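So the chains spell out like this:
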Amino acid sequence: MNPIPISARKFTAAAIVFSVVLSFHEAEASIIAMDDFDSYTAGNALVGGNGGSGFNAAWGSPGANVTTTVVAGTMSAAGINGGVNAVQVAGSGNISGARALDPITATFYVGALVRLNAGVWDGSNTFSFYASNGAANTGINSPGAANNTVLTFGMRNSTAANDPSNPLTAGSGPFMLRAGTGAPPSTASVIPFAGGIATGSDYYLVARYNYSGTNFDSIDMWLNPMGAQGAPQASLSLTAGFGLTSITNIFGRAAVLQTTGAIDQVWFDQLKLGTEWTDVVVPEPSTGLLGLFACGFALLRRRRA
Ligand SMILES: [Ca+2]
Ligand SMILES: [Ca+2]
């Protein structure tokens, strides 16, 4: 068998490298902001942390009765590896500290790892993320005010009858979408999930904030997605025109966590915002990487032939 000329081999190898570099470049081009918290010192408060990329200010202070601390710990779900640090939120309830963004006026995705690290997911325990127009605007008393209804996604438990976050309600689930802090069921949509939140288990939530052209009037959510984008597992729509006109901050918010007895600690990590599904979701290995490996293996065989 005639060997392939060296120039042809070099060209093929260079073409593969170029296409890989190009694909990574394209994948990162639409990431809005991300923080993996790994550049911070474990044990320190998160406030003042200015790591990650794409934000235009450091992390702000948590609200009263809440502590937000960088902790050493590796979270992992849906192919997302959290590295060496995560963030722990504890306390009875309030925002966990916000981070400012350049104003967003287009549909975008948010991905985040979440875990109940300690305690039991019970009562009305809640932790969710808000993409908002202020560092502390949770949209309390919304819906009902145009351009002031804040959409949120995260984990919630409820003991109220017929609440979709009540484990005793048919079709219930702890992964919730809602508007503001309003009481479900009228304002919540959940991902049905048998068994509820398990202490120590990691979950990867992806939400899509949909821009109508003037307002963020709807939100969709997926639990532990990988690979190609499927249909949302939960969706929530507002009255048209009631959502925010732009988004300038992202923050977490804890509510009704236990601070005595079985103390609740919520962790989150790998917070990422991007304009594309592929910015926040890991592809199935069978799509890109296996093809690349096959290509490289074929090249190796030809070189050895
Ligand atoms: Ca991390
Ligand atoms: Ca609890």
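Remember, predicted model here, so these are calculated numbers, not experimental data. Residue positions within a chain follow its written sequence, with the count starting from 1. The lettering of chains begins at A and the numbering of ligands begins at 1, in the order of writing. The model is predicted, so local features are restricted to residues of pLDDT at least 70 and side-chain atom pairs to those at 80 or more, both for listing and for counting; the totals for chains, interfaces and linings are taken over all residues.

Break down the overall build of the protein for me, citing the residues and quoting the values.
The secondary structure listing takes helices from DSSP runs of H or I that are at least 4 residues long and strands from runs of E that are at least 2 residues long, numbered from the N terminus. Check the secondary structure of the protein and you find 3 helices and 16 strands. Each of the 305 residues in the protein was classed as buried or not, and the buried ones make up 45%. Contact between residues is assigned whenever the C-beta positions, reconstructed from backbone atoms, fall within 7 Å. When contacts within the protein are restricted to residue pairs at least 6 apart in sequence, those whose partners lie at least 24 apart make up 70%. Each residue is classed by its C-beta neighbour count within 10 Å, where at least 20 other C-beta atoms makes it buried, 12 or fewer makes it exposed, and intermediate counts make it partly exposed; the C-beta atoms are placed from backbone geometry.

Quick one: what's the story with the sheet that holds strand β15 (residues 247–255), residue by residue and with numbers?
Spatial strand order, β6-β15-β8-β9-β10-β11: 6 strands in an open sheet with antiparallel pairing. The open sheet has two free edges, formed respectively by β6 (93–104) and β11 (188–191), since each of these has just one partner strand. Averaged over all neighbouring strand pairs, the angle between strand axes comes to 20°, with direction disregarded. Strand pairing follows a simple DSSP-based rule, namely that at least 2 bridges must link the two strands. By the bridge criterion, 5 bridges tie strand β9 (residues 151–156) to strand β10 (residues 175–179) in an arrangement that is antiparallel. Each axis is a line fitted through C-alpha atoms, and for a helix only the stretch in contact is used; angles between axes span 0 to 180 degrees, taken between their N-to-C directions.

I'd like to hear about the pairing of strand β13 (residues 216–223), residue by residue, with values.
Counting buried positions along β13 yields 7 of 8 residues, so the element is predominantly enclosed. The pairing of strand β12 (residues 202–211) with β13 spans 7 bridges and is classified as antiparallel. Looking at β13, one finds that R208 is bridged to D220. Turn length for the β12-β13 hairpin, with the two strands adjacent in sequence and antiparallel, is 4 residues, and the turn residue G213 shows positive phi of about 115°. Relative to strand β14 (residues 234–237), β13 is paired through 4 bridges, and the arrangement is antiparallel. Considered in β14, the bridge of M221 is made with A234.

For unusual backbone geometry, give the residues involved together with the corresponding values.
Backbone geometry places N162, a non-glycine residue, at a positive phi of 70°. Here N162 is to be found in the loop between β9 and β10. Phi is positive for N224, which is not a glycine, with a value near 50°. By C-beta crowding, N224 is classed as partly exposed, having 17 other C-beta atoms within 10 Å.

Could you give me a rundown of the nonpolar core, with the residues and numbers involved?
We define the nonpolar core as any set of buried residues of the types Ala, Val, Leu, Ile, Met, Phe, Trp, Tyr and Cys, connected via C-beta atoms lying within 7 Å of each other. Counting residues in each nonpolar core, the largest one holds 73 residues, and the members touching the most others are V114, L205, V206, A207, M221 and F268. If near-sequence neighbours (up to four positions away) are discounted, A207 is found in contact with Y109, V110, F153, I219, D220 and M221.

Would you mind going over the confidence of the model for the protein in detail, with residue names and values included?
Predicted confidence across the protein gives a mean pLDDT of 87, with 81% of residues reaching 70 or more. Known as pLDDT, the predictor's confidence for each residue is given on a scale from 0 to 100. Ignoring residues within four places in sequence, the model shows residues 15–27, a span with pLDDT below 50, making 3 contacts including any to other chains.

Could you give me a rundown of the environment of A146, with the residues and numbers involved?
Mapped onto the secondary structure, A146 falls in the loop between β8 (126–132) and β9. Here the alpha-carbon distance between A146 and G243, two residues 97 residues apart in the chain, equals 6.6 Å. Contacts of A146, omitting those with residues within four sequence positions, involve G241 and F242.

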